Amino acid sequence: MRAAALIIIIFTCFRLSAQDADFASLYEQGRYEDALRIVNGELDSFYSTRLEDKRIPSDFISMKSDKEDINLNLIFRYRKAKGFFIEDNPKLANLHVSAAACHAALGRRREAISNYTQALRFKNVELGKDDAIYYALSQIYKKAGQFEGYIAALESAFTLNPERYAYSLELGISLAPTTRKTKALYHLERYMNNTDDDIDPSLYLTAGNLNEDLGYYLNTQDYYQKYLSVKTNDGVIHFALGYIAFAKTGSHRLAASSFARALELLPEADIYHRSKAHEYTADMALSDLQFQKAIDHYGETIKYQEQVLERIKSGDAKIREISERINLRKAEVLKDQNYESFKEYESLEEEKGKLALELNKQRRQYEMLNCGTVRWNTAWAYERIEEYQSAIEFYRQSISFDYRSNDSREKIIKLQLKIKRGY
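Rules used throughout
Residues numbered from 1 in each chain as written. Predicted model: local features only at pLDDT ≥ 70, side-chain atom pairs only at ≥ 80, totals over all residues. Heavy atoms only, no water. Helix = DSSP H or I, 4+ residues; strand = E, 2+ residues; numbered from the N terminus. Buried < 20%, exposed > 50% of the residue type's maximum accessible area, 1.4 Å probe, protein only. Areas by Shrake-Rupley, 256 points an atom, 1.4 Å probe, with all protein chains shown as cover. Axes fitted to C-alpha atoms, helices over the stretch in contact; angles between N-to-C directions. Parallel < 35°, antiparallel > 145°, perpendicular 65-115°, else oblique. Left-handed = near helix turned anticlockwise from the far one by under 90°. Contact = heavy atoms within 4.5 Å. Nonpolar A, V, L, I, M, F, W, Y, C, P; charged D, E, K, R; others polar. Expected span 1.5 Å × (residues − 1). Core = buried A, V, L, I, M, F, W, Y, C linked by side-chain atoms within 4.5 Å. Salt bridge = Lys/Arg side-chain N within 4 Å of Asp/Glu carboxyl O. Phe/Tyr/Trp six-rings, centres within 6.5 Å; stacked < 30°, edge-to-face > 60°. Lys NZ or Arg CZ within 6 Å of the ring centre and 35° of its normal. Polar contact = N/O pair within 3.5 Å; in protein donor to acceptor, adjacent residues only side chain to side chain. pLDDT = per-residue confidence, 0-100.

A. Quick look at the overall build of the protein. Each helix and strand counted, the protein has 20 helices and 0 strands in total. Residue burial in the protein is summarised as follows: out of 423 residues, 45% are buried. Here the protein has roughly 22400 Å² of accessible surface; of this, 50% comes from carbon and sulfur atoms.

Okay, structure coming up:
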């Protein structure tokens, strides 16, 4: 909600006098200091007659550090306790709201929060109306990077006006990356099920991710399908849908079609997703006793695995070459105090660091490609179609990856006997 729209909503909650109208005009023109002078004049006039109520006590509420938040839900809950609620005075509440809006526009967050909170001391909070004040507070906390204060104020706004579904949308998006995933999902679904606006397809994706995190895999599947009905060419999400259908819901037909679509869309450079799509497709074929299909897809998986291995070998060679150059430059720096050599030394160290990070990423990726398992499964598929020599070759490869080595050796001995006997 834009600041100008917000202040208009707040102003419409109160009856405007001629002086108030002057303030609104100045505010809309961006003349915040001039508008603030009008408000401060009225506030000074009011407080000068009420010595028992000092204007905005300095210790009432502040932003003393970026880590301090207040729990606005508790303030709302206990607001009529002695020391907070003073009296129902809409005029004074309006003045503090106006002052707060000016301070917020001028970037004075502490003063804005103090005035918004002071406004709540002089009014009976009304449902469907005063949510605008809490929403304004939430945006100040958001800009200040005070997440808990932001969420507390936004939840108060939602409590006062649950029919404004935009609050649920904002809460859902803001809470999604946190541990409060159940609450995030509640608000996202509440928004999507009630809004008349066109739903951003990214919300389906967020809802799907939240359901996956919470273990609601059928819902995850449904939301990914809704997302893909709009974003039909997102290969990564086709892969994600395939994985959920394959590994979590057992919908192998959906999984197979999703992996096939992912392979059509994913770039060749996306080795991880392409390799795993072939691997999972092969796993399903193997479980369905489609041995040749399994062998074909495992073969594609192995090709991608070999690409990653070649990249790792190339990266190792590159790092060794850079390390040699670094040692040469380092020797020159120590011997001759050569500034140019030092600059090149620093540059090479930076390049080596980046290469090392990328190489570590590739090694982790290679470990996730299940090289040993794929070889074992390929061997077993060959064994089932009685191509024993090929089976022996892949059982040997399984041993080289230290995957079921003893079982592989036993298999090799038995298959060699079959080949020798001819049956």
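B. Highlighting the packing of helix 13 (residues 235-249) against helix 14 (residues 252-265). Two numbers describe how helix 13 lies on helix 14: the axes approach to 8 Å, and their chain directions differ by 160°. Taken together, the axes of helix 13 and helix 14 are roughly antiparallel relative to one another. As for the relative orientation of helix 13 and helix 14, their crossing is left-handed in sense. For the pair formed by helix 13 and helix 14, the contact residues are G235, H238, F239, L241, G242, Y243, A245 and F246 on the first element and H252, L254, A255, S258, F259, R261, A262 and L265 on the second. Considering only residue class, the contact of helix 13 with helix 14 consists of 10 nonpolar, 5 polar and 1 charged.

C. A look at helix 7 (residues 131-143). With 13 residues, helix 7 extends 19 Å between its outermost C-alpha atoms, agreeing within 8% with the 18 Å of an ideal straight helix rising 1.5 Å per residue. The buried fraction of helix 7 amounts to 11 of the 13 residues, a majority that puts the element mostly inside the structure. Within helix 7 the residues assigned to the buried category are D131, A132, I133, Y134, Y135, A136, L137, S138, Q139, I140 and Y141. Positive phi shows up at G145, right after helix 7, with a value of about 75°.

D. Expanded view of the nonpolar core. L43, L92, Y116, M192, Y224 and F259 are the most contacted members of the largest nonpolar core, which totals 73 residues. In terms of residues, this core owes the most to one element, helix 5 (residues 90-105), which gives 8 residues. Listed in part, the 20 residues of the second largest apolar core include A285, Y388, F394 and I412.

E. Looking closely at the side chain of R274. In this fold, R274 is placed in helix 15 (residues 271-287). Those residues in contact with R274 that lie beyond four places of it in its chain are L263, L266, P267, E268 and Y304.

F. Spotlight on unusual backbone geometry. The phi torsion at E386 lies on the positive side, around 65°, for a residue other than glycine. Here E386 shows up in the loop between helix 18 (371-384) and helix 19 (388-400). Even without being glycine, D402 reaches a positive phi, approximately 55°. Inspection of the secondary structure assignment puts D402 in the loop between helix 19 and helix 20 (405-421). For D402, a relative accessible area of 64% puts it in the exposed group.

G. View of the pattern of salt bridges. Taken as a whole, this structure holds 16 salt bridges when the rule is applied. The partner of D316 in a salt bridge is R363, and the shortest N-O contact between them spans 2.6 Å. Taken together, the residues D316 in helix 16 (residues 291-336) and R363 in helix 17 (residues 339-367) connect sequence positions 47 residues apart.

H. Quick peek at the packing of aromatic side chains. Enumeration according to the criterion identifies 11 aromatic pairs in this entry. Here Y382 and F394 contribute two aromatic rings whose centre-to-centre distance is 5.7 Å and whose plane-to-plane angle is 20°, an arrangement assigned as stacked. Of this pair, Y382 sits in helix 18 while F394 sits in helix 19, placing them 12 residues apart in sequence. When its relative accessible area of 15% is taken as the criterion, Y382 is described as buried. In textbook terms, an aromatic cluster arises when at least three aromatic residues are bridged by ring pairs, as seen for F239, Y243, F246, F259 and Y280. The residue whose ring lies beneath R404 is W376, and the NZ or CZ to ring-centre distance is 3.9 Å.

I. Here's a closer look at the packing of helix 7 against helix 8 (residues 147-160). Interaxial distance between helix 7 and helix 8 falls to 8 Å at its minimum, and their mutual angle equals 165°. On the basis of the axis angle, helix 7 is roughly antiparallel to helix 8. For the crossing formed where helix 7 meets helix 8, the hand is left-handed. Across the interface between the two elements, D131, Y134, Y135, L137, S138, Q139, Y141 and K142 from helix 7 touch G149, Y150, A153, L154, S156, A157 and L160 from helix 8.

J. Representation of helix 10 (residues 181-194) within the structure. Taking 1.5 Å of rise per residue, 14 residues should cover 20 Å, and helix 10 covers 20 Å from first to last C-alpha, within 8% of that figure. Every buried residue of helix 10 is accounted for by K181, A184, L185, H187, L188, R190, Y191 and M192. Structurally, helix 10 contributes buried residues whose contacts are with helix 8, helix 9 (165-175), helix 11 (201-213) and helix 12 (217-230).

K. Layout of the environment of E386. Residue E386 is classed as exposed on the basis of its relative accessible area of 58%. With 32 residues separating them along the chain, E386 and K418 place their C-alpha atoms 9.9 Å apart.

L. Just the side chain of E279, in detail. Looking at the element boundaries, E279 is found in helix 15. Residue classification places E279 among the buried residues on the basis of a relative accessible area of 4%. Engagement of the side chain of E279 in a polar contact is seen with the side chain of N370, the distance being 3.0 Å. Beyond its immediate stretch of four places on either side in the chain, E279 contacts Y298, T301, L369, N370 and V374.

M. Focus on the environment of S98. Considering the arrangement of structural elements, one finds S98 in helix 5. Looking at S98, the relative accessible area reads 5%, which means it is buried. On a C-alpha basis, the gap between S98 and A24 in space is 8.7 Å, while along the polypeptide they are 74 residues apart.

N. Focus on the confidence of the model for the protein. For the protein, per-residue confidence averages 84 on the pLDDT scale, and 85% of positions sit at 70 or higher. This stretch, residues 78-83, has a pLDDT under 50; its non-local contacts, to residues over four places away or in other chains, come to 9 contacts.

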